[in-house]
Amino acid sequence: MTTKFASLIDSYLQSSIGVVENFLPPTLALALKKELLVHSLDGQMKAASIGHGQEKQQNIAIRNDSIYWMDSSHNAPAEIQFLQIMHELLEYLNQTCFTGLTSSEFHFALYEAGSFYKTHRDQFQKTQQRQYTFICYLNEAWETGDGGELCVHHENNRQLISPLMGRVVFFKSCELWHEVMLTLKPRMSITGWFRID
């Protein structure tokens, strides 16, 4: 995975947002998609919130996806393998970029048809724990016209990133305003943050 880690960081340094195709082994990406679908069928995906601490609330006018937090204690093989890769990426970032990261957190995310997430940044106003955002997409056969792009707002332009299977995105959580455009069919991903606690 070291080569993929290096490619992700190189891409990030070039344009403030790293994008790498086929970051995960294909068998792992498919297994993670299956785990997400099982969580959805079992009713374990919960409506996502905005805000932090006492200000945390659900607001479907801003976002209306559902999430399931990942944890190695769930005894789900694909989830455990993914979290191990993320731990290795955290260590790589600390060793090569001296980031001082101490932990990470990730969740499955499901956007049903008609869902979106309005423009936001990932770092909360009153805490700077989230340092870097990492997104991994789990959508097969995604086509132009399906919507659901990640729209990143740069200073002078917008960048649209389709949520294609195996594609990952990485950026500084406090820097980039971004949104999930309206999706016209179910859109699946893993989203998380590398943190300093």
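Residues numbered from 1 in each chain as written. Predicted model: local features only at pLDDT ≥ 70, side-chain atom pairs only at ≥ 80, totals over all residues. Heavy atoms only, no water.

Visitor: Go over the overall build of the protein, please, and point to the residues and values.
Guide: Across its full length, the protein carries 3 helices and 11 strands. Secondary structure of the protein in N-to-C order comes out as α-β-α-β-β-α-β-β-β-β-β-β-β-β. The C-alpha atoms of the protein give 16 Å as radius of gyration, which agrees with the globular expectation for 197 residues (16 Å, within 12%). Across the 197 residues of the protein, 49% fall into the buried class. For the protein, the proportion of contacts with a sequence separation of at least 24, taken over those separated by at least 6, is 77%. Split by element, the accessible area of the protein, about 9900 Å² in all, is 51% carbon and sulfur. (Helix = DSSP H or I, 4+ residues; strand = E, 2+ residues; numbered from the N terminus. Rg over C-alpha atoms; globule rule 2.2 N^0.38 Å. Buried < 20%, exposed > 50% of the residue type's maximum accessible area, 1.4 Å probe, protein only. Contact = heavy atoms within 4.5 Å. Areas by Shrake-Rupley, 256 points an atom, 1.4 Å probe, with all protein chains shown as cover.)

Visitor: Quick rundown of the packing of aromatic side chains? Include the residues and the values.
Guide: Enumeration according to the criterion identifies 12 aromatic pairs in this entry. Measuring from centroid to centroid gives 6.4 Å for F134 and F194, while their planes differ by 80°, and the two rings are edge-to-face. With F134 in strand β6 (residues 130–137) and F194 in strand β11 (residues 187–195), this residue pair connects regions lying 60 residues apart in the sequence. The residues F134 and F194 share a single accessibility class, namely buried. (Phe/Tyr/Trp six-rings, centres within 6.5 Å; stacked < 30°, edge-to-face > 60°.)

Visitor: Describe the sheet that holds strand β5 (residues 117–120), with residues and values.
Guide: With respect to topology, 4 strands assemble into an open sheet ordered β5-β10-β7-β8, the strand pairing being antiparallel. Each edge of the open sheet is held by one strand with a lone partner, namely β5 and β8 (158–161). Put simply, the sheet's adjacent strands are angled 15° from each other on average, direction ignored. Here 4 bridges tie strand β7 (residues 150–153) to β8, and the two strands are oriented antiparallel to one another. (Pairing = 2+ DSSP bridges. Axes fitted to C-alpha atoms, helices over the stretch in contact; angles between N-to-C directions.)

Visitor: With reference to specific residues and values, describe helix α2 (residues 26–41).
Guide: A rise of 1.5 Å per residue sets the reference length of α2, with its 16 residues, at 22 Å; its end C-alpha atoms lie 23 Å apart and thus fit the reference within 8%. Backbone geometry just after α2 places G43 at a positive phi near 75°. (Expected span 1.5 Å × (residues − 1).)

Visitor: Describe in detail the pattern of salt bridges, supporting the description with residues and values.
Guide: Applying the stated criterion across every chain yields a total of 7 salt bridges. Measuring nitrogen to oxygen at the nearest pair gives 2.8 Å for the salt bridge that ties D65 to R63. The two residues D65 and R63 agree in class, both being buried. The salt bridge partner of R195 is D197, with a shortest N-O separation of 2.8 Å. The exposure class of D197 is exposed, given its relative accessible area of 54%. Look at the salt bridges and you will find they share partners, linking E105, R130, R195 and D197 into a network. (Salt bridge = Lys/Arg side-chain N within 4 Å of Asp/Glu carboxyl O.)

Visitor: Summarise the sheet that holds strand β9 (residues 168–172); cite the residues concerned and give the values.
Guide: Within the open sheet, the 7 strands sit side by side as β1-β9-β6-β11-β4-β3-β2. Their pairing is antiparallel. Pairing within the sheet leaves two strands with one partner each, and these edge strands are β1 (18–20) and β2 (46–47). By the bridge criterion, 4 bridges tie strand β3 (residues 66–69) to strand β4 (residues 103–111) in an arrangement that is antiparallel. Bridge pairing links S66 to L110 in β4. Sheet contacts for α2: β3, β4 and β11; angle to β4, the most-contacted strand, approximately 65°. Contacting β3, β4, β6, β9 and β11, helix α3 (residues 77–97) runs over the sheet at an angle of about 135° to β4.

Visitor: With reference to specific residues and values, describe the packing of helix α1 (residues 2–15) against α3.
Guide: Where α1 meets α3, the closest approach of the two axes is 11 Å, and the angle between their N-to-C directions is 60°. Of the possible angle classes, the one that applies to α1 and α3 is oblique. Classified by chirality, the crossing of α3 by α1 is right-handed. Here α1 contributes T2, F5, A6, L8 and I9 to the contact with α3, which in turn contributes I85, E88, L89, Y92, L93 and C97. (Parallel < 35°, antiparallel > 145°, perpendicular 65-115°, else oblique. Left-handed = near helix turned anticlockwise from the far one by under 90°.)

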